[in-house]
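# Structural characterization, general
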Amino acid sequence: MPKSNPFKHLHQDKEESESSLESRITAKRVTLGIFVLFLLLFPHYAPWEPSYTQSDTLIQKIFTLYFFVANQTLGIVHEGGHGVCYILPCPKFLTMANGTIFQLLFPGLIGYYYYRKGNLFAALIALFFVGFSLQYTAWYLSTAHEGLILPAHKSFLGVDAIHDFNYLLSAMGLLAYESILAGVTRFVAYLIMLISVIGMFFNAFPNDRRKIIKRRKNF
């Protein structure tokens, strides 16, 4: 009669732990691949980029849908920032700036939450969307020369509104440097997105992964 192994459950736990580790790493690598592909295609399919061309391809349709959803989400957060200052006694300058502040804080605070939780990969994804949100800021900044009044057909709320950056840049005497500021903002946005993807790569391909698994097998 074969003897039962009293330590069998320990081996099962180790196998489950290693299997779970492999699954998490695989999921990270697939996610990394999606973000790398997105970053590479972004300059071609972002509607405000100079290289943007309208087409009827499946990828174009996917990006169009994505940008529509992202625009609605960021628009709600942006207007929520203004709304806070409509409730609280904020100076007009802060009221105009608070939309963009909220728009950047939203993914930033999500990233900080996951970083505090010890989930670096999720924090890096949120950092990527900080850069993505900043791309919208760069585009909005580049239209400041169009005038103080934002027409209803261009306004998120569908009514005539004050152009945030026309007011902000005019107040600081920087309206003439709009294109330079927009270009620098766009560069920083791409840099943030690139840094986050590089961070995801090192998180998905840890150097000591094999050593960890080997130590567990020798345990």
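Residues numbered from 1 in each chain as written. Predicted model: local features only at pLDDT ≥ 70, side-chain atom pairs only at ≥ 80, totals over all residues. Heavy atoms only, no water.

## Structural notes on the overall build of the protein chain
- Regarding its fold elements, the protein chain presents seven helices and two strands.
- Going residue by residue from the N terminus, the α and β elements of the protein chain occur as α-α-α-α-β-β-α-α-α.
- Of the contacts made within the protein chain by residues no fewer than 6 positions apart, 64% connect residues no fewer than 24 positions apart.
- By element, 68% of the accessible surface of the protein chain is carried by carbon and sulfur atoms, the whole surface being about 13900 Å². (Helix = DSSP H or I, 4+ residues; strand = E, 2+ residues; numbered from the N terminus. Contact = heavy atoms within 4.5 Å. Areas by Shrake-Rupley, 256 points an atom, 1.4 Å probe, with all protein chains shown as cover.)

## Digging into a nonpolar patch on the surface
- A surface patch of nonpolar side chains, amounting to about 980 Å² of accessible area, comprises Phe93, Leu127, Met172, Leu174, Tyr177, Ile180, Val184, Phe187, Val188, Leu191 and Ile195.
- Checked against the element boundaries, Val188 lands in helix α6 (residues 178-204). (Patch = residues over 30% accessible without salt bridge, like charges linked within 9 Å, V, L, I, M, F, W, Y side chains within 5 Å. Salt bridge = Lys/Arg side-chain N within 4 Å of Asp/Glu carboxyl O.)

## Here's the deal with helix α5 (residues 164-172)
- Among the residues of α5, those classed as buried are Asp164, Phe165, Asn166, Leu168 and Leu169.
- Looking at the packing, one finds that the buried side of α5 touches α2 (58-87), α3 (92-116), α4 (120-142), β2 (161-162) and α6.
- Looking at the residues trailing α5, positive phi occurs at Gly173, about 70°. (Buried < 20%, exposed > 50% of the residue type's maximum accessible area, 1.4 Å probe, protein only.)

## What to know about the packing of aromatic side chains
- On inspection of all chains with the given rule, the structure shows 23 aromatic pairs.
- Between the aromatic rings of Phe35 and Phe128, the centroid separation amounts to 4.8 Å while the plane-to-plane angle is 80°, which identifies the pairing as edge-to-face. With Phe35 in helix α1 (residues 8-45) and Phe128 in helix α4, this residue pair connects regions lying 93 residues apart in the sequence.
- For Phe35, a relative accessible area of 11% translates into the label buried.
- Geometrically, the ring pair formed by Phe38 and Phe63 is stacked, given 5.4 Å between the ring centres and 20° between the ring planes. Taken together, the residues span a long stretch of sequence, with Phe38 in helix α1 and Phe63 in helix α2 at a distance of 25 residues.
- Phe38 sits in the buried class, given a relative accessible area of 14%.
- Taken together, the ring pairs connect Phe35, Phe38, Phe42, Tyr45, Phe63, Tyr66, Phe67, Phe128, Phe129, Phe132, Tyr136 and Tyr190 into an aromatic cluster. (Phe/Tyr/Trp six-rings, centres within 6.5 Å; stacked < 30°, edge-to-face > 60°.)

## A few points about the nonpolar core
- If you look at the biggest cluster of nonpolar residues, it comprises 21 residues, and the most contacted ones within it are Phe38, Phe42, Phe67, Phe128, Phe132, Tyr136 and Met200.
- With six residues, α1 is the single largest residue contributor to this core.
- Ignoring any residue separated from it by four or fewer positions in sequence, one finds Phe67 in contact with Phe42, Tyr45, Ala46, Pro47, Trp48, Phe132 and Tyr136.
- Membership of the second largest hydrophobic core comes to ten residues, among which are Met96, Leu141, Leu150 and Ala182. (Core = buried A, V, L, I, M, F, W, Y, C linked by side-chain atoms within 4.5 Å.)

## Side note on the environment of Ala46
- Here Ala46 shows up in the loop between α1 and α2.
- The spatial distance from the C-alpha of Ala46 to the C-alpha of Gln135 is 9.4 Å, given a sequence separation of 89 residues.
- Non-local contacts of Ala46, meaning those with residues more than four positions away in its chain, are made with Tyr52 and Phe67.

## Observations concerning the pattern of salt bridges
- This model, assessed by the stated rule, comprises one salt bridge.
- For Asp56, the salt bridge goes to Lys61, with nearest N and O atoms at 3.8 Å.
- We classify Lys61 as partly exposed; its relative accessible area is 48%.

## Notes on the confidence of the model for the protein chain
- Per-chain confidence: the protein chain averages 85 in pLDDT, with 86% of residues scoring 70 or above.
- Summarising per-element confidence for the protein chain, the mean pLDDT is lowest in helix α7 (residues 209-217) (49) and highest in α6 (96).
- Below pLDDT 50 for its whole length, residues 7-12 participates in one contact with residues either more than four positions away or in separate chains.
- Ignoring residues within four places in sequence, the model shows residues 215-219, a span with pLDDT below 50, making seven contacts including any to other chains. (pLDDT = per-residue confidence, 0-100.)

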